[in-house]
Every structure is written in C-alpha cells, then in structure tokens.
Amino acid sequence: MTLPSFNLLAQSILSGIFIGSLYGLIGLGLGLTWGLLRQINLSHFGLVFLAGYISYQMGASWQLDPLLALLIVPPLFFAVGVGMQWLLSRFAITPFNSLLVTFGITVVIESAIQGIWTADYRRLESHYNQMKFTLGSLYVPVPELLTLMLSAGIAIAVWAGMRYTDLGKALRAMAEDGPIAAAFGVNARALSLYLAGASAALAGVAGVCLALMFTLAPSQIFAWVGVVFAAVMLGGLGSALGPLVAGVIIGVSEAVTMAVASPSWAPIVSFSLLIVMLLFRPAKAGA
C-alpha cells in the first residue's frame, strides 16, 4: 500500500463530500417516511432514477436546462407521492409489508425505465458538464457543487420547517404518539399525504442531481440501496440534517479508502460504520 500525495488525498476528500451530499439528499426523503410514517419506502430509489431519466429526456428532447427541470420534476413527483400514499393508506401497511410492496413498485419502475429507455447507459449532456473551476490545487466540478449546495440548502430548510413551523411540530407529534396528536386536532391522514408527497418531491430533486453527476442505467437502482440505507440509519430516522452528515462521512471514508487502498474496499466502509453504530448505539439506531 502506497500513501497518496497530499493533493490526491485532498481531492479524494472533496469528491467524497460531493458524493456524500448526494447520499444524504437521497436518504433525506427515505428517512422522513421511515421515521415519521413508519414506512420503509424502497420505491424511493426507483423514483430517484425515474426522475433522473425524465430530466435526461427533457435535456435530450427539449434542450431544457437541468436546473429548470427542478421546477417541473419535483411538483410532478409530489403528486405521484400523494397518490402512492393514498393507495397504501387504504390497507393496514406494517413496516415489513411496506418494504415488500414498495420493493415491488421499484421493480415495476425499473421495468418501465427499461421499456422506455432500454437498458443502455444514458448520459445527460449539458453545458454544466464542462463547467469547472479550481480552488488552489483542487478541481471543483460545477454539477457536484450544485448538488452539494442543493443538498445542504434543502436539509437546512427541512430542519427549520420541522423545528419551527406548526406543520413540522404536527408531523413530529404524529410520529411520536398518533392517537394523542389526533386528540389535539392533528389530521394524521392529511399530514401523511403531504409528507409522502414531499418525500417523493425530494426524490425528484435527487434524481436531477443524479443525472447531472452520473451516467444512468436501470440496473444501478439497487446498487444505491445499501449505502443510502447506511446513511439513513447512521443519521437517524426522521432526521433532516442527519442523513446529510452521515452521507458525507460515508462518502469521504469511501473516497479516502479508494485513494489509500483499493476501490474494491470502498463498499465495505458504509456497512462497517453501520455495524459499529448498531453495536454501540442499539437503542438510538432502533428509534
């Protein structure tokens, strides 16, 4: 094992921060539904990739700026999330049942993506791909920087909304004790629809960022499940800032591991961190 140069190590850390912010952005919507609605929504990953393909199609067919796609895709996915939650709420969905049902929805989404865009790799070509600048000796790609800024801004906005607004307080009360919250006038059904829609909208934002940063392929959907689950569990279920912080920690750890050792060791990092957390903080991990 050869130690990398300082520049390579610094660039790896910066790259880890960028990819970690995407982990956190994807994990934010998943963690909110898991922590507040008690639903393990695997279809969140399918929605992220579906949003990525839609933004790709908008860029390829309409030459639409990817940032303008952020004005179209999230509201569309909000409506999709509300519709899915409305259907799920008609049945007694336990966390385990939600895992099975939403896994099936993810498979359907993957099949639909293959049917429309085939299994070939797709790349969103935009002027942002060529935009970059240097910070000292570090290379900073603009798409990754935009993802970091969006992830941090959205996480802070969600945290502030959950902490200081009546809607956020009602959501936390519903998650803490639904019957007591209902006795004080909290409309759990309406809040559940709103939260599911908001989480799907976050999947839409994450999908646009994913298309900006990576080449798309339907088979990659399930490759993101493990690392994002680790970010959600490490960051805390229902937390707004936790998945972002945990995602950055995981991203930096993976990037440094690839620089110091080998890329084949990188996937071990997130699960190792998750196992250590479960061993030493079992009560908090299961909260």
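Keep in mind the model is a prediction, meaning the values are calculated, not measured. (Residues numbered from 1 in each chain as written. Predicted model: local features only at pLDDT ≥ 70, side-chain atom pairs only at ≥ 80, totals over all residues. Heavy atoms only, no water.)

A. Quick look at the overall build of the protein chain. Secondary structure assignment for the protein chain yields 13 helices and two strands. Against the globule reference of 19 Å for 287 residues, the protein chain gives a C-alpha radius of gyration of 19 Å, in line with a compact fold. Its C-alpha atoms give the protein chain principal-axis dimensions of about 60 × 50 × 35 Å. In the protein chain, buried positions account for 49% of the 287 residues. (Helix = DSSP H or I, 4+ residues; strand = E, 2+ residues; numbered from the N terminus. Rg over C-alpha atoms; globule rule 2.2 N^0.38 Å. Buried < 20%, exposed > 50% of the residue type's maximum accessible area, 1.4 Å probe, protein only.)

B. Local environment of unusual backbone geometry. Notably, glutamine 63 is not glycine yet its phi reads approximately 55°, a positive angle. Among the secondary structure elements, glutamine 63 is positioned in the loop between helix H2 (43-62) and helix H3 (66-69). Positive phi is not limited to glycine here, since threonine 118 has a value of about 65°. Following the sequence through the fold, threonine 118 ends up in the loop between helix H5 (95-117) and strand S1 (132-135). For threonine 118, a relative accessible area of 32% puts it in the partly exposed group.

C. Representation of H5 within the structure. Counted at 1.5 Å a residue, the expected span for H5 with its 23 residues is 33 Å, and the 32 Å between its end C-alpha atoms agrees. When H5 is considered as a whole, its buried residues turn out to be Ser98, Thr102, Thr106, Ile109, Glu110, Ile113 and Trp117. Elements that come into contact with the buried residues of H5 comprise H2. Just downstream of H5 lies threonine 118, where phi reads positive at about 65°. (Expected span 1.5 Å × (residues − 1). Contact = heavy atoms within 4.5 Å.)

D. Structural view of the pairing of S1. Note: S1 against strand S2 (residues 138-141), four bridges, orientation antiparallel. Across the sheet, residue threonine 134 finds its bridge partner in S2, namely tyrosine 139. Between S1 and S2, which pair antiparallel and follow one another directly, the connecting turn spans two residues, one of which, glycine 136, has a positive phi of 70°. (Pairing = 2+ DSSP bridges.)

E. Representation of empty space enclosed by the protein in the model. For the structure on display, the rule yields one cavity of 30 Å³ or more. Empty space within the largest cavity amounts to approximately 110 Å³. As for the largest cavity, its lining consists of 13 residues, and the residues nearest its centre are Thr33, Asn41, Gly81, Met84 and Ala196. Contributing elements (two or more residues each) for the lining of the largest cavity: helix H1 (6-37), H2, helix H4 (73-88) and helix H9 (188-213). Partitioned by chemical class, the residues of the lining of the largest cavity number six nonpolar, seven polar and no charged. (1 Å grid on protein atoms, 1.4 Å probe; cavity = no way out; pocket = protein on both sides within 12 Å on 5 of 7 lines; lining within 4 Å. Points joined across faces, edges and corners; volume = space filled by probe spheres on them. Nonpolar A, V, L, I, M, F, W, Y, C, P; charged D, E, K, R; others polar.)

F. Region of interest: the environment of leucine 124. Here leucine 124 lies in the loop between H5 and S1. Classification of leucine 124 by relative accessible area gives buried; the value is 2%. Put simply, leucine 124 and threonine 134 are ten residues apart on the chain and 23 Å apart in space, counted from C-alpha to C-alpha. Each residue touching leucine 124, except ones within four places of it in the same chain, is listed here: Ser55, Tyr56, Gly59, Pro66, Asn129, Ala211 and Leu212.

G. Summary view of the environment of phenylalanine 103. Tracing the sequence through the fold places phenylalanine 103 in helix H5. C-alpha separation for the pair phenylalanine 103 and isoleucine 40, spaced 63 residues apart in sequence, amounts to 9.4 Å.

H. Geometry of the side chain of histidine 44. Along the chain, histidine 44 falls in helix H2. Excluding its chain neighbours within four sequence positions, the residues that come into contact with histidine 44 are Ile26, Gly29, Leu30, Ser199 and Ala203.

I. Molecular detail of H1. The end-to-end C-alpha separation of H1 is 45 Å, in line with the 46 Å expected for 32 residues at 1.5 Å each. The sharpest bend along H1 measures roughly 30° and falls at glycine 27. Most of H1 sits out of view: 25 of its 32 residues are buried. Note on H1: the residue one or two positions beyond its end, arginine 38, has a positive phi of about 60°. (Bend = angle between axes of the 7 residues up to and from the residue.)

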